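Letter by letter, the chains look like this.
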Amino acid sequence: MDSGPRRRGRAQLHPGAWWLWALALGTAATRTTNPLLLALLISVSAYVVATRRPDTPWSRSYGAFVKLALAVILIRLGFAIVLGSPIPGTNTLLTLPELPLPAWAQGIRLGGEVTAEALTFALYDGLRLATLLICVGAANALANPSRLLKSLPGALYEMGVAVVVALTFAPSLIADVQRLRAARRLRGRPDQGVRGLLQVGLPVLEGALERSVALAAAMDARGYGRTAQVPPAVRRTTAALTLGGLLGVCAGTYGLLTAEGAAYGLPVLLAGLAAALAGLKLGGRRSLRTRYRPDRWDVRAWLVVASGVAVAALLALAAARDPAALHPGVVPLVAPTLPLWPAAAVLLGLVPAFVAPDPKELS
């Protein structure tokens, strides 16, 4: 028997490690509006993707997330120009014709003065959201969605299937568009403009419908949705633990984000997580699914996750100790500077580029 697939499966990094690393970098991005730190986070994720991305259809979705991030920045700037901004400013760049609005629309304006302070604030805000999207795109490009689905707890399997199908829809759609546009270029037909878009769109939708029907048939043949019989007491206990755990997580998170709840936030959050995990463990009894060659969580996966968590924790600490460095002011308008030790903390996110297996060696 060929042991090559088994060796490759064990050599690959656990997909959950990639997602936790990417989400930790995204969490770090929410702690700052410094454009230099945000650009450094984007560079770190891009380098890891460039060095550890496998040659698969889902790995090509990173470019689409980058384009989406650029669109988010442009839309945020457009809103600041057209709808104005609550940020006061004295450096007027241009003045647009202002439309008068009724009294009930007070606080909203269309047109008027566009200041450098308002545009800078919008740019920082849009760049933060764009960085979060790029980090999610890095997870999509690095993690195998089918292997991630295998690693989910039994209670989350059905919901996980829906999420994985949704996450893989966009990469498959992009691959279909690229394939059809290349085919039209080889035949000497236009692939750009409105006409090219209309002629490419119909085959793409047909392919998506065929894949959906084939997936539904495959899921039905494999018994998707079957559940085991469990006692009513276990079902009620599972529901109570899961619902109570989620409420505890929400209350604990709110406590950590507010100054008044700092004392009870962490204990409530930990108790909620414990209750939710216990509920998921009990809920897994309803699943009749088994795992074939499950992915192992090895030392490399711990190092990858630890690097992302370290970046998020150090940037949160830096935001609490030196908020001016991580949130450069816009009133008055000042040039952002790169704080040294937060920048060094961001570079810890490069650890996966050195500890994760090279996809070229696994192929």
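Procedures and definitions
Throughout, a residue's number is its position along its own chain's written sequence, starting from 1. Reporting of local features is limited, given that this is a predicted model, to residues whose pLDDT is at least 70; pairs of side-chain atoms are given and counted only at 80 or more, and all residues count toward the totals for whole chains, interfaces and linings. The basis for every side-chain value is the complete set of heavy atoms in the structure, and neither hydrogens nor water enter the calculation. UniProt positions are given in the numbering used here, feature names are shortened, and annotations may be inferred rather than shown by experiment. A run of DSSP states H or I qualifies as a helix once it reaches four residues; a run of E qualifies as a strand once it reaches two. Both are numbered from the N-terminal end. Three labels apply to residues, based on accessible area from a 1.4 Å probe with only protein chains included: buried if under 20% of the type maximum, exposed if over 50%, partly exposed otherwise in between. Every residue pair with non-hydrogen atoms within 4.5 Å of one another is taken to be in contact. Whenever a nitrogen or oxygen atom comes within 3.5 Å of another N or O atom, the pair is scored as a polar contact, on the condition that within protein one atom can donate a hydrogen and the other can accept it, and that pairs from neighbouring residues in sequence are kept only if both atoms are in side chains. Two joining distances apply to patches: 9 Å for like charges and 5 Å for nonpolar side chains (Val, Leu, Ile, Met, Phe, Trp, Tyr), and every residue must have over 30% relative accessible area and no salt bridge. Values of accessible area rely on a 1.4 Å probe in the Shrake-Rupley scheme; residue burial ignores everything except the protein chains shown. Think of a salt bridge as a Lys or Arg side-chain nitrogen and an Asp or Glu carboxyl oxygen that are within 4 Å of each other. If DSSP finds at least two bridges between two strands, the strands pair. What the arc covers is the set of directions going from the helix axis to the C-beta atoms. Interaxial angles span 0 to 180 degrees and are taken between N-to-C directions of axes, which are lines fitted to C-alpha atoms, for helices over the stretch in contact. Angles below 35 degrees are treated as roughly parallel, those above 145 as roughly antiparallel, those between 65 and 115 as roughly perpendicular, and all remaining angles as oblique. Crossing handedness: left-handed means the near helix sits turned counterclockwise from the far one by under a right angle, and right-handed means the same turn made clockwise. Take the residue count of a helix, subtract one, and multiply by 1.5 Å to get its expected span.

Chemist: For this particular structure, what's the right way to read the UniProt feature "transmembrane region" (unreviewed entry) in the protein?
Modeler: Per the UniProt record, "transmembrane region" (unreviewed entry) is annotated on residues 35-52, 64-87, 155-177, 239-257, 263-280, 301-320 and 340-357. Between the first and last C-alpha atoms of residues 64-87 the distance is 32 Å; the span itself is 83% helix and 0% strand. Between the end C-alpha atoms of residues 340-357 the distance is 30 Å, and the span holds 67% helix and 0% strand.

Chemist: Whenever I open this one, the side chain of asparagine 34 confuses me. Can you help?
Modeler: Inspection of the secondary structure puts asparagine 34 in the loop between helix H2 (15-29) and helix H3 (35-52). The class for asparagine 34 is buried, based on a relative accessible area of 0%. Contact partners of asparagine 34, with chain neighbours within four places excluded, come to Ala325, Leu326, Pro328, Pro336, Thr337 and Pro339.

Chemist: Would you explain the environment of asparagine 34 in this entry?
Modeler: Once the C-alpha coordinates of asparagine 34 and proline 328 are considered, the two residues, 294 residues apart in sequence, prove to be 6.1 Å apart. A polar contact is formed between the side chain of asparagine 34 and the backbone oxygen of threonine 337, at a distance of 2.8 Å.

Chemist: Could you clarify how one ought to interpret a nonpolar patch on the surface in this entry?
Modeler: A cluster of nonpolar residues, Ile75, Phe79, Val82 and Leu83, forms a patch on the protein surface that exposes about 360 Å² of accessible area. Mapped onto the elements of the fold, leucine 83 is located in helix H4 (residues 62-83). Note on leucine 83: relative accessible area 38%, which makes it partly exposed.

Chemist: I would appreciate a short explanation of the pairing of strand E1 (residues 92-99) in the present structure.
Modeler: Regular strands place their side chains on alternate faces of the sheet. In terms of residue burial, E1 counts as a barely covered element, since only zero of its eight residues are buried. The pairing of E1 with strand E2 (residues 110-115) spans five bridges and is classified as antiparallel. The residue bridging threonine 95 from the neighbouring strand is glutamate 113, located in E2.

Chemist: Even after reading the chapter, I still don't get unusual backbone geometry, so can you show me in this structure?
Modeler: Working note: non-glycine residues mostly have negative phi, and peptide bonds are mostly trans. Cis peptide bonds are those with omega within 30 degrees of zero, and the linkage from valine 331 to proline 332 qualifies with -5°. Tracing the chain through its elements places proline 332 in the loop between helix H12 (323-326) and helix H13 (340-347).

Chemist: What am I meant to see in H13 here?
Modeler: Given 3.6 residues per helical turn, the α-helix brings residues three or four places apart onto the same face. Listed as buried for H13 are Pro342, Ala343, Ala345 and Val346. Down the axis of H13, the smallest arc covering the buried residues is 155°, so these residues share one side. For H13, the elements touching its buried residues are H3, helix H11 (299-321) and H12.

Chemist: Would you take a moment to explain the packing of H11 against H13 for this structure?
Modeler: To characterise two packed helices, one gives the angle between the axes of the helices and the distance between these axes. At their nearest, the axes of H11 and H13 sit 8 Å apart, and the two run at 165° to each other. Taken together, H11 and H13 sit at an angle that is classed as roughly antiparallel. As H11 packs across H13, the resulting crossing turns out to be left-handed. Taken together, the residues of H13 that come into contact with H11 (itself represented by Val311, Leu314, Leu315, Leu317 and Ala318) are Trp341, Pro342, Ala345 and Val346.

Chemist: Help me understand H4, please; the structure alone is not making it clear to me.
Modeler: For H4, built from 22 residues, the straight-helix expectation of 32 Å at 1.5 Å per residue is met to within 8% by its first-to-last C-alpha distance of 31 Å. Regarding H4, the residues found buried are Tyr62, Phe65, Ala69, Val72, Ile73 and Ala80. The arc enclosing the buried residues of H4, seen along the axis, measures out at 90°, which places them on a common side. Structural note: H4 exposes Lys67, Leu70 and Leu74 on the side pointing more than 90 degrees away from its buried face. On its buried side, H4 packs onto H3 and helix H5 (116-142). Trailing H4 by a residue or two, glycine 84 shows a phi angle of about 85°, which is positive.

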